[in-house]
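Below, each chain spelled out in residue letters.
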Amino acid sequence: MSGSTFETDNKLVNWFEKRLPIISLMHGAVVVYPTPKNLSWWWTFGSLAGVALVIMMATGIILAMHYTPHVDYAFLSVEHIMRDVNYGWLIRYVHSNTGSLFFMVVYIHIFRGLYYGSYKDPRELLWIIGLLIYVLMMATGFLGYVLPWGQMSFWAVTVITNLFSAVPIVGDAIVSWLWGGYAVGNPTLNRFFSLHYLLPFVIFAAVILHLWALHTSKSSNPLGVEVKTPQDTIPFHPYFTAKDLVGLAVFLIVLFFFVFFAPNYMGHPDNYITANPMVTPAHIVPEWYYLPFYAILRAIPDKLGGVIAMFGAIVILFLVPWLDTSKVRSSRFRPIYKQFFWILVLDCFVLGWVGANAPEGHFILIGRLATAYYFLHFLVILPIVGMIEKPLPLPESISQPVLKGEQE
Amino acid sequence: MASNTLDPEAVEQPERRDFLYIATGTLGAVGAAMAVWPLIDQMNPSKDVLALSSTEVDLSPIEEGQSVTVVWRGKPVFIRRRTQAEIDEARDVNMADLPDPEEDAARAVKPEWLVLVGICTHLGCIPLGESGDFGGWFCPCHGSHYDTSGRIRIGPAPDNLVVPDYAFLDDTNIRIG
Ligand code: HEM
Ligand code: FES
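Residues numbered from 1 in each chain as written. Chains lettered and ligands numbered in written order. Predicted model: local features only at pLDDT ≥ 70, side-chain atom pairs only at ≥ 80, totals over all residues. Heavy atoms only, no water.

## Comments concerning the nonpolar core
Nonpolar side chains tend to gather and get buried jointly when the protein is soluble and globular.
Alright, step 1. Counting 123 residues, the largest nonpolar core has Phe251(A), Tyr374(A) and Phe378(A) as its most contacted members.
Alright, step 2. Two domains each provide a minimum of three residues to this core, namely domain 1 (42-284) and domain 2 (285-393) of chain A.
Alright, step 3. Other than its neighbours up to four places away in sequence, Phe251(A) contacts Leu48(A), Ala52(A), Ile55(A), Thr98(A), Leu101(A) and Val105(A).
Alright, step 4. Membership of the second largest hydrophobic core comes to 13 residues, among which are Leu59(B), Val77(B), Trp113(B) and Val115(B). (Core = buried A, V, L, I, M, F, W, Y, C linked by side-chain atoms within 4.5 Å. Buried < 20%, exposed > 50% of the residue type's maximum accessible area, 1.4 Å probe, protein only. Domains from an automatic or database assignment. Contact = heavy atoms within 4.5 Å.)

## Focus: the domain arrangement of chain A
Residue and element names in this part refer to chain A.
Alright, step 1. Taken domain by domain, chain A holds domain 1 (42-284) and domain 2 (285-393).
Alright, step 2. Computed over C-alpha atoms, the centres of domain 1 and domain 2 are 22 Å apart.
Alright, step 3. Interface of domain 1 and domain 2: buried area, both sides summed, is about 3600 Å²; carbon and sulfur atoms make up 67% of it.
Alright, step 4. Looking at the side of domain 1 facing domain 2, the largest losses of area belong to Tyr115, Lys120 and Leu163, adding up to 19% of the total buried there.
Alright, step 5. Taken together, domain 1 and domain 2 are joined by two salt bridges.
Alright, step 6. The partner of Glu226 in a salt bridge is Arg329, and the shortest N-O contact between them spans 2.8 Å.
Alright, step 7. Where domain 1 meets domain 2, there are 15 residue pairs in polar contact (both at pLDDT 80 or more).
Alright, step 8. The set of elements that each furnish at least two residues to the side of domain 1 that touches domain 2 consists of α5 (88-116), α6 (124-146) and α7 (151-162).
Alright, step 9. If one sorts the elements of the side of domain 1 that touches domain 2 by residue count, α6 sits on top with eleven residues. (Buried area = accessible area lost by both parts, 1.4 Å probe. Salt bridge = Lys/Arg side-chain N within 4 Å of Asp/Glu carboxyl O. Polar contact = N/O pair within 3.5 Å; in protein donor to acceptor, adjacent residues only side chain to side chain. Helix = DSSP H or I, 4+ residues; strand = E, 2+ residues; numbered from the N terminus.)

## Quick word on the interface of chain A and chain B
Alright, step 1. With 26 residues of chain A at the contact, the number on the chain B side is 26 residues.
Alright, step 2. Together, the buried faces of chain A and chain B total about 2200 Å²; carbon and sulfur atoms form 67% of this surface.
Alright, step 3. Looking only at chain A, the three residues that lose the most surface to chain B are Trp177(A), Tyr182(A) and Met278(A), adding up to 36% of its buried area.
Alright, step 4. One can count seven residue pairs in polar contact (both at pLDDT 80 or more) joining chain A with chain B.
Alright, step 5. Mapped onto the side of chain A that touches chain B, the elements with two or more residues apiece are α7, α8 (171-179) and α11 (291-299) of chain A.
Alright, step 6. Broken down by element, the residue count for the side of chain A that touches chain B peaks at four residues, all from α7(A).

## Thoughts on the coordination of the iron atom of ligand 1
Residue and element names in this part refer to chain A.
Alright, step 1. Each protein donor to the iron atom of ligand 1 is listed here as His95 (NE2) and His196 (NE2); together their distances run 2.0 Å.
Alright, step 2. Every donor counted, the six donor atoms about the iron atom of ligand 1 form angles of 87 to 179° at the centre, which fits octahedral coordination. Residue His95 is found in helix α5, and its partner His196 is found in helix α9 (residues 186-217); the two are separated by 101 residues along the sequence.
Alright, step 3. Owing to a relative accessible area of 16%, His95 belongs among the buried residues under this scheme.
Alright, step 4. Using a relative accessible area of 15% as the deciding quantity, one classes His196 as buried. (Donors = N, O, S within 2.8 Å, 3.2 Å for Na, K, Ca; no water. Tetrahedral: all angles 85-135°; square planar, octahedral: opposite > 155°, others 65-115°.)

## Some remarks on the packing of α6(A) against helix α12 (residues 303-318) of chain A
Residues and elements named next belong to chain A.
Alright, step 1. Orientation of α6 relative to α12, taken along the N-to-C sense of each, is 155°, at an axis distance of 9 Å. For the element pair α6 / α12, the angle class is roughly antiparallel. Residues Trp127, Ile128, Leu131, Leu132, Val135 and Met138 of α6 form the contact with α12, whose participating residues are Ile314, Leu317 and Phe318.
Alright, step 2. Looking at the contact of α6 with α12 residue by residue, the class counts come to nine nonpolar, no polar and no charged. (Axes fitted to C-alpha atoms, helices over the stretch in contact; angles between N-to-C directions. Parallel < 35°, antiparallel > 145°, perpendicular 65-115°, else oblique. Nonpolar A, V, L, I, M, F, W, Y, C, P; charged D, E, K, R; others polar.)

Laid out in structure tokens, this is it:
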């Protein structure tokens, strides 16, 4: 594409290259990687997610040096991190707030994909690997939230592990296997710590597969027309390294705004009360990033049905490449679907809002309607709009609208 | 193979070699499954956890209309000395109105004493006593109402509050588990 392959006169580099061509691999991936020249800001969220993962792993490994995974000490060890360990408060707040922002970044990244049809042929596997990362992140975030062993930690594990008791026949056996006891207790905390340490590394491996798939099918772009000539692309470095760094700067400003000025804004005060297996807090809520799914769980007035709907809401995302019948990728050229996209975004916010409130009064009805709409969007609207909609005319290539001096 | 040249039919026949492949594969799969089992079973409750399986409670300090919560296997157990009104209410229910029909007499060895695992059968929160629409328990997590026999009446919980195995050792002492 942009032609250049890796070449150097440096003897040491060449000696190394001959035995392990990792330098040329990196060169191909982050320097010359031919990038569509029209990528917008929505394309910076992928690299931001990567940085967030690295921050999580670095701060997490440090926290693990001071944390004790035992029911009698976990809460105290977190307080010890906050009060005694040098800069412990900083590292913990960076870990917990980056956790939240990581989800925000990934949600934007996913909705970017939904808007621009990034999941369509030939990027289905790229999409699926991305969703696997998202599922692993949800598991990791949940496991991590349990570690401080506050009231919200304890009741989050209780409610979430009990979801499996809805499985017919073997449900109770699964739950006691997960707990390692008759109730959530020390064995549960201990294994959750082990898994919380493990999963980020699994995510890291999945990210490598995600990038491999990306570099095989290449980046899509806001127009959704494939790259046709080398004129449509520019090398990743310096153009997109620079752009991504600007995105990173903004991300860090937001992150440290929270860390320094509102470190507990995205947390819940009840988690500063030590876990008490005998008292459930009056109003338990999950972390904000699970709220829409929590609303779906509660919308169905049946235990097994609620659990199926909740998992179904995630599974359905895996089917999107095949549910979307449109020939055109980008919603920019899809006047009807574009509107439904924004309704879906709104619907997800409504679900989140319902999830944050007690299931009483009008929240029950709103929650049910919003849940029904969520499934309607993917199962009915997405396939049908693709068939009946008349897309706007597509530009011939990425460069064409620019060369003609058209304003998009 | 020799047999092929001698008898063309034999090509379609299962051979000694196919048998060996299948037998080896099967044995390998069974062996792998057996090797995996300890890795899975280690997560089940360990022996010391299983050993903590019974709790004895002295009921004498509990007055009529009072409840206590004791811990059994790390879970709360509600022990309530019911009032006559509560007993009558619990016994006076039409079975057809219950999502999980069960006679009160089958749930309380002595009508006065109700012993329940204090864990909502929906997703495991601890219900609040003397509340809800049926004068029994109410779970604030997702809104399940239980009656004065601990039976589910409305809400997402599928089953009645569980009555643990327990026995009266004498008039005022019980052993749970
Ligand atoms: C995908 C990356 C990760 C996510 C999404 C994540 C998420 C979380 C969350 C939400 C918490 C609770 C924070 C709080 O309530 O204060 C937490 C705590 C913790 N995490 Fe992670 N984590 C990640 C990576 C790691 C790694 C790689 C380690 C290394 C072992 C780690 C170690 C810890 C420890 C020791 C705690 C308990 C201390 C505390 O509460 O601050 N985490 N994590
Ligand atoms: S846990 Fe009690 S209603 Fe859900």
